[in-house]
Amino acid sequence: MIRKSLIIANWKMKLSPREAFSLTRSIVPYIRVAAGARSRNSFVICPSFESLSCVGMLLKKTPIALGAQDCFWEQSGAYTGEVSPTALKESGCSYVLVGHSERRLYCSESDSMIAKKMAAACETPRLQPILCIGESLAIRKKGTYRSYIQKQLEAGIALIPRTKRVQFCVAYEPLWAISTMGIGLPIGPEHCAEVTTWIKTLLSQKLPGAHVRIIYGGSVDSENVMPFLQRGVSDGVLIGGASLTVRSFKKILTVLNQ
Ligand code: 13P
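Quick summary incoming for the structure in this document. Keep in mind the model is a prediction, meaning the values are calculated, not measured.

What counts and what doesn't
- Residues numbered from 1 in each chain as written.
- Predicted model: local features only at pLDDT ≥ 70, side-chain atom pairs only at ≥ 80, totals over all residues.
- Heavy atoms only, no water.
- Salt bridge = Lys/Arg side-chain N within 4 Å of Asp/Glu carboxyl O.
- Near = heavy atom within 4 Å.
- Polar contact = N/O pair within 3.5 Å; in protein donor to acceptor, adjacent residues only side chain to side chain.
- Areas by Shrake-Rupley, 256 points an atom, 1.4 Å probe, with all protein chains shown as cover.
- Nonpolar A, V, L, I, M, F, W, Y, C, P; charged D, E, K, R; others polar.
- Axes fitted to C-alpha atoms, helices over the stretch in contact; angles between N-to-C directions.
- Helix = DSSP H or I, 4+ residues; strand = E, 2+ residues; numbered from the N terminus.
- Parallel < 35°, antiparallel > 145°, perpendicular 65-115°, else oblique.
- Left-handed = near helix turned anticlockwise from the far one by under 90°.
- Contact = heavy atoms within 4.5 Å.
- Core = buried A, V, L, I, M, F, W, Y, C linked by side-chain atoms within 4.5 Å.
- Buried < 20%, exposed > 50% of the residue type's maximum accessible area, 1.4 Å probe, protein only.
- Phe/Tyr/Trp six-rings, centres within 6.5 Å; stacked < 30°, edge-to-face > 60°.
- Lys NZ or Arg CZ within 6 Å of the ring centre and 35° of its normal.
- Pairing = 2+ DSSP bridges.

1. Some points on the pattern of salt bridges
Applying the stated criterion across every chain yields a total of 12 salt bridges. The residue R104 makes a salt bridge to D111 at a minimum N-O spacing of 3.1 Å.

2. Comments concerning the site of the ligand
N10, K12, H100, E173, I178, S179, G218, S219, L238, I239, G240 and G241 make up every residue found near the ligand. Taking E173, its side chain carries an N or O atom lying 3.0 Å from an oxygen atom of the ligand. Taking G240, its main chain carries an N or O atom lying 2.9 Å from an oxygen atom of the ligand. For the ligand, whose accessible area on its own is 310 Å², the fraction buried by protein is 98%. Taken together, the residues of the shell around the ligand sort by class into 3 nonpolar, 7 polar and 2 charged.

3. Focus on the packing of helix 7 (residues 145-156) against helix 8 (residues 189-206)
Two numbers describe how helix 7 lies on helix 8: the axes approach to 11 Å, and their chain directions differ by 40 degrees. Relative to helix 8, helix 7 is oriented oblique. As helix 7 packs across helix 8, the resulting crossing turns out to be right-handed. Facing Y145, R146, S147, I149, Q150, L153 and E154 of helix 7, the residues of helix 8 in contact are H191, E194, V195, W198, I199, L202, L203 and K206. Along the lines of polarity and charge, the residues of the contact of helix 7 with helix 8 split into 8 nonpolar, 3 polar and 4 charged.

4. As for the nonpolar core
General note: in soluble globular proteins, nonpolar side chains tend to be found buried as a group. With 71 residues, the main nonpolar core has W11, F43, F168, V170, I199 and L203 as its most contacted residues. Ranked by the residues each element gives to this core, the list is headed by helix 8, at 7 residues. Contacts of F168, omitting those with residues within four sequence positions, involve M118, C122, Q128, P129, I157, I160, L203, L207, A210, H211, V212 and R213. Within the second largest apolar cluster, 13 residues are counted, among which are L6, Y95, L97 and I130.

5. Focus: the packing of aromatic side chains
Within the structure shown, the criterion is met by 3 aromatic pairs. When the ring of F72 is compared with that of Y79, the centres are 4.7 Å apart and the planes differ by 45 degrees; the resulting orientation is tilted. Judged by its relative accessible area of 7%, F72 falls in the buried class. Taken together through their ring pairs, the aromatic side chains of F72, W73 and Y79 make up a single cluster. Geometry around W73 places K116 over its ring, the cationic atom sitting 4.1 Å from the centre. Positioned over the ring face of Y145 is R140, at 3.4 Å from the centre of the ring.

6. Some words on the pairing of strand 8 (residues 236-239)
Residues G236 and L238 of strand 8 are buried on one face, and the alternating residues V237 and I239, pointing to the opposite face, are buried as well. Pairing geometry for strand 1 (residues 5-10) and strand 8, over 4 bridges, is parallel. If you follow I7 over to strand 8, its bridge partner there is V237. In this structure, strand 7 (residues 211-217) lies alongside strand 8, joined through 2 bridges in parallel fashion. Counted as the bridge partner of Y216 is V237 from strand 8.

And the structure:
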């Protein structure tokens, strides 16, 4: 079986429903080609909540999966403004981002909230959470990034039973590599490989029954995407800025097709 890399577009809060619809309509034909039968890649688009239905409509009967950018930890109840994992599944989502650094920073999401979200998403059939972790530049400079990431990882999976056969992804996104947050430069593939290999080792000890893919995010574009997809570096990429225009998204698809 071919090992497929996961290519995930995170549109954050950057597009209105009208813009998300228009970008999806323009880019789907190209992604369809890139995701053809012999493709080494599979694709996911994560628009914001209010665009899930219009983007999802365009993704129906395509090989492109729909993802959400967040979920709540309960499946229903008096939680004004929240969206449950079950509701996301019913809205067509197969993936959901959990604990993105922007949510940790701007919405004060704590490790314990993220653990509950991860557990709730893992309990939802055919919905895969993507746990986002990554250190700040200050932590990287201090050299304590391994222990920091380990703490985030262990906290994020704390409520998943050790032997459970769950499927999820971990996105390693160092804050300082995210285009809108840090210095806007991706990390090197060697550094990425070092961290993803280590995360894999930790997970094989903590959750031996789990099937986990480790992906990378942070300033990924057409110029730098390929080295991240090499075996041993990562199982895919999470792309923000470069997935927001037809032109830059198409450039990535062209490189992936080569
Ligand atoms: P950029 O690709 O714009 O750096 O964003 C990365 C990200 O935060 C994806 O979740």
